[in-house]
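Here are the chains, one letter per residue:
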Amino acid sequence: MNKKDLQSLRDAAKAGATWKDLAAIIGVSDRTLRRWREEVEEQEEYPEDYFDGVEDQERRPIPKNAAQILAAIHAGRADGRQELIEIIRQQAAEQNDLRTLLALLKRMDNMDK
């Protein structure tokens, strides 16, 4: 993936795209994207050479850019949350409709699903 693709992915995540939507953008199944997330997170918990010499035929390889893809998604999510927080603060200050505020909070909660 090039920088433009990563930025598009980040923008989609910022806009509140689901993990299933993000997987479709990348061209993989949501199960594959979930597996990448789990394996990248697992690798970050262990030293780089921890699994050297261990042969696990059940383990599927993940692309080298999976960490970049996930970083773009997480950054987009963080940007989206921050944007929503600012909107909520602004509306709260203006004392707008409570239903609007609750809808925005629900959207924030659903961004990680």
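Residues numbered from 1 in each chain as written. Predicted model: local features only at pLDDT ≥ 70, side-chain atom pairs only at ≥ 80, totals over all residues. Heavy atoms only, no water.

## Focus: helix α2 (residues 19-26)
And step 1. Inspection of α2 places Trp19, Leu22, Ala23 and Ile26 among the buried residues, and these make up the whole buried set. Down the axis of α2, the sector holding all buried residues measures 100°, keeping them to one side. Summarising the geometry of α2, the exposed residues directed more than 90 degrees from the buried face are Lys20 and Ala24.
And step 2. With its phi angle positive at about 95°, Gly27 sits one or two positions after the end of α2. (Buried < 20%, exposed > 50% of the residue type's maximum accessible area, 1.4 Å probe, protein only. Helix = DSSP H or I, 4+ residues; strand = E, 2+ residues; numbered from the N terminus. Arc of directions from axis to C-beta.)

## What to know about the packing of helix α1 (residues 3-14) against α2
And step 1. Where α1 meets α2, the closest approach of the two axes is 10 Å, and the angle between their N-to-C directions is 165°. Between α1 and α2, the angle falls in the class roughly antiparallel. Handedness of the crossing formed by α1 with α2: right-handed. Residues Leu9, Ala12 and Ala13 of α1 pack against Leu22, Ile25 and Ile26 of α2.
And step 2. Among the residues forming the contact of α1 with α2, the class breakdown is six nonpolar, no polar and no charged. (Axes fitted to C-alpha atoms, helices over the stretch in contact; angles between N-to-C directions. Parallel < 35°, antiparallel > 145°, perpendicular 65-115°, else oblique. Left-handed = near helix turned anticlockwise from the far one by under 90°. Contact = heavy atoms within 4.5 Å. Nonpolar A, V, L, I, M, F, W, Y, C, P; charged D, E, K, R; others polar.)

## Some details on the packing of aromatic side chains
And step 1. All chains considered together, the criterion is met by zero aromatic pairs.
And step 2. Here Arg37 stacks its cationic end above the ring of Trp19, 4.1 Å away from the centre of that ring.
And step 3. The aromatic ring of Trp19 is capped on one face by Arg77, whose charged end is 5.4 Å from the ring centroid. (Phe/Tyr/Trp six-rings, centres within 6.5 Å; stacked < 30°, edge-to-face > 60°. Lys NZ or Arg CZ within 6 Å of the ring centre and 35° of its normal.)

## A word on the pattern of salt bridges
And step 1. By the definition in use, this model includes three salt bridges.
And step 2. A salt bridge links Lys14 to Glu83, with the nearest nitrogen and oxygen atoms 3.4 Å apart. In this pair, Lys14 is assigned in helix α1 and Glu83 in helix α4 (residues 66-94), connecting sequence segments 69 residues apart.
And step 3. The class for Lys14 is partly exposed, based on a relative accessible area of 30%.
And step 4. The class for Glu83 is partly exposed, based on a relative accessible area of 39%. (Salt bridge = Lys/Arg side-chain N within 4 Å of Asp/Glu carboxyl O.)

Taken by themselves, the reported measurements are silent on function.
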